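# Descriptive structure summary
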Amino acid sequence: MRWSKCFIPTLREDPAEAEVISHKLLLRAGMIRKLASGIYNFLPLGFKALKKIENIVRNEMNKAGALEILMPFVQPAELWKETGRWDDYGKELLRFKDRKEHDFCLAPTHEEVITEIVRKDVKSYKELPLILYQIAVKFRDEIRPRFGIMRAREFIMKDAYSFDADWEGLDKSYQKMYETYEKIFTYCGLKFKAVEAHTGAIGGDVSHEFMVLAETGEDVLAFCEKCGYASNVELTPAILGEKYSSEPEKPLEKVYTPGVRTAQEVADFLGLPVSKITKTLIYIINEKEAVAVCIRGDHEVNELKLEKLFPGKTFRMANEQEIKKIVGASPGFIGPKDLKIKVIADKALEGYPNFVIGANEDEYHYINANLGSTFKPDLIADVRKASEGDLCPKCKNPLQFTRGIEVGHIFKLGTKYSKSMKALFLDRDGQMKPFIMGCYGIGVSRVLAATIEQNHDENGIIFPWHIAPFQIAVLYLKKDFEEEAEKIYRNLSQKWDVILDDRDERPGVKFKDMDLIGIPLQIIFGKSYEKNKEVEVKIRKTGERKYLKPENLENFVNEFENEKN
RNA sequence: CGGGACGUAGCGCAGCUUGGAAGCGCACCCGCUUGGGGUGUGGGGGGUCGGCGGUUCAAAUCCGCCCGUCCCGACCA
């Protein structure tokens, strides 16, 4: 491709609308443009990178024996009503009516449709296992789209679905997809980690997320270097690494703490570490029952864990008025002692001597509270987020934490959809049985954003070899070298994706643009060529420069491709 | 959904407080210049000032409503 014939509208300045680096660079590199909030155009360069990712995914999926199909983006409500998700999915599901006033939605995912396909035409265990997938547009009407294509409303996703006759079959399909995902992200050139994850709105019980490691990631991962345990922190059991001293219980004492509300304020006021303070949070279960959750001041409640204590029930935090009504005190002065509602104490309070609690009376706290003698919780449970200093739930080594961007998520669905949609096959024992399903997603457009989030410097994007829209850039700095540059460009184009910067621009412009769009190898016809007919090869990632005779270029690129990737 | 901010040329912004001829930089077009990190210079084109309504002799500027966009929050009591 010649730059002059391509549409690459690069920007010199950061657009005001972009906050995170991948969003800024995607816009500046002329790869995407916003059409509406969370809805983007992919311009030629962005589209090309996207197609590279798609093809990597496609290749590996095909190798794993999955079959590519394409399902509709617009779906009838009837299917969604069958599984109950028409009501359960919430506002993320964008609904509308057609001219005949029939309900439709834009597909946020395709479990219903795939199950419909399979229940109609797969009748026998002999046709199993079956893995179908597509690479297609999805629409989720996110509460708050942000970060460009990282959390867009409309996005490209690869979604695959497996159908097995039994649970062992599902285990095998799941394992196969797990390994395929590892191959895909490795081939993409990404640093990633697979972690145990929460299943969320899709359902099922076992799931893993594939996380691209990046400081700007929205998720926190806990992992153990020793045994390999890794999970999304929202799922990690919290095992305190700290050993509590066996200091004797001191007498409970009510203290005047005017105007101090947050745990930190209380700690500062009393001259104690914030860990010695506890906070008590009031939750409303199913809009009727209130419960109190008591936790150390330096810990955070993990609502997912809380949710599991009340399966199937809705819950939310109480607001200030409700708290006053239930407790008789303002937020900030609530404590577990003498509460008339159910009290859940976090496990980390067990054996913790002499801590501070709210007195359920404005402007007062108790010091030297102890679990058991001061108050008896109705339940002691792990309800906090694991954090620095906690131990691996498998091998008890200290956990490590890092941030990541979720680019893939695989689930063992089981029979959630096949049962509710009556998707049955005839097994070898003559019984009709529901398919055992799995589903496997990759956010293709998000992979592009995550790649940039992980691979950039102050000059722009640094594309990994296999995702780069072009692998090689040829640029000549003087018109005199046009012919030679053309020759090299045509030559290398036979094996690789090459872009020729044939614009009549100053060298600085060409360099800046090429660095910005992140092409891994730049072949420069400039001073070195003028002097001794050697081209300069600049490696985008390291900034390293090599000087080669044009006839040696092909060998060099071959070697580079093999060793670096 | 709650809070905050913004909306002026393709992009980045100033002007608004205190109403009185719509500006700057980049980009774009033409000329010269320059040619290894967004060259310098001269000239030029481009605007329903987000929309509607109001106040006023006069509105980008003041007031009201609406639309759009971004940020923070939607669990830390």
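Conventions used here
- Residues numbered from 1 in each chain as written.
- Chains lettered and ligands numbered in written order.
- Predicted model: local features only at pLDDT ≥ 70, side-chain atom pairs only at ≥ 80, totals over all residues.
- Heavy atoms only, no water.
- Buried < 20%, exposed > 50% of the residue type's maximum accessible area, 1.4 Å probe, protein only.
- Helix = DSSP H or I, 4+ residues; strand = E, 2+ residues; numbered from the N terminus.
- Pairing = 2+ DSSP bridges.
- Polar contact = N/O pair within 3.5 Å; in protein donor to acceptor, adjacent residues only side chain to side chain.
- Contact = heavy atoms within 4.5 Å.
- Phe/Tyr/Trp six-rings, centres within 6.5 Å; stacked < 30°, edge-to-face > 60°.
- Lys NZ or Arg CZ within 6 Å of the ring centre and 35° of its normal.
- Axes fitted to C-alpha atoms, helices over the stretch in contact; angles between N-to-C directions.
- Parallel < 35°, antiparallel > 145°, perpendicular 65-115°, else oblique.
- Nonpolar A, V, L, I, M, F, W, Y, C, P; charged D, E, K, R; others polar.

### Observations concerning the pairing of strand E21 (residues 400–414)
- In terms of burial, E21 is a largely internal element, eleven of the 15 residues being buried.
- Two elements, strand E10 (residues 206–213) and E21, share eight bridges in a ladder whose sense is antiparallel. Residue pairing in the sheet places Phe-210 in a bridge with Gly-408 of E21.
- Of the pairings in the sheet, the one linking strand E11 (residues 219–223) to E21 comprises five bridges and is antiparallel in character. If you follow Phe-223 over to E21, its bridge partner there is Gln-400.
- The pairing of E21 with strand E24 (residues 436–443) spans six bridges and is classified as antiparallel. Looking across to E24, one finds that Gly-408 is bridged to Ile-442.

### Brief notes about the side chain of Asp-159
- Along the chain, Asp-159 falls in strand E8 (residues 154–164).
- Only 2.5 Å separates the side chain of Asp-159 from the side chain of Tyr-161, close enough to count as a polar contact.
- Apart from the residues lying within four places of it in its own chain, the contact partners of Asp-159 are Met-71, His-110, Leu-132, Tyr-133, Gln-134, Lys-138, Tyr-440 and Gly-441.

### Examining the packing of aromatic side chains
- Enumeration according to the criterion identifies 19 aromatic pairs in this entry.
- A centroid spacing of 4.3 Å and a plane angle of 35° characterise the contact between Tyr-244 and Tyr-352, whose relative ring orientation is tilted. Placement of Tyr-244 in the loop between strand E12 (230–232) and strand E13 (253–256) and of Tyr-352 in the loop between strand E17 (342–346) and strand E18 (355–358) is noted, with a sequence separation of 108 residues between them.
- Every member of this aromatic cluster is reached through a ring pair, and the members are Tyr-178, Tyr-181, Phe-185, Phe-192 and Phe-210.
- The lysine or arginine in question, Lys-193, covers the ring of Phe-223, its NZ or CZ lying 4.3 Å from the ring centre.
- The cationic tip of Arg-503 hangs over the ring face of Trp-3; the distance from NZ or CZ to the ring centre is 4.0 Å.

### Let's talk about the packing of helix H1 (residues 21–28) against helix H11 (residues 444–454)
- At a minimum axis distance of 8 Å, the contact between H1 and H11 shows a crossing angle of 105°. Comparing their axes, H11 and H1 come out roughly perpendicular. Mapping the contact onto sequence places Ile-21, Ser-22, Leu-25 and Leu-26 in H1 and Leu-448, Ala-449, Ile-452 and Glu-453 in H11.
- For the contact of H1 with H11, the per-class residue count stands at six nonpolar, one polar and one charged.

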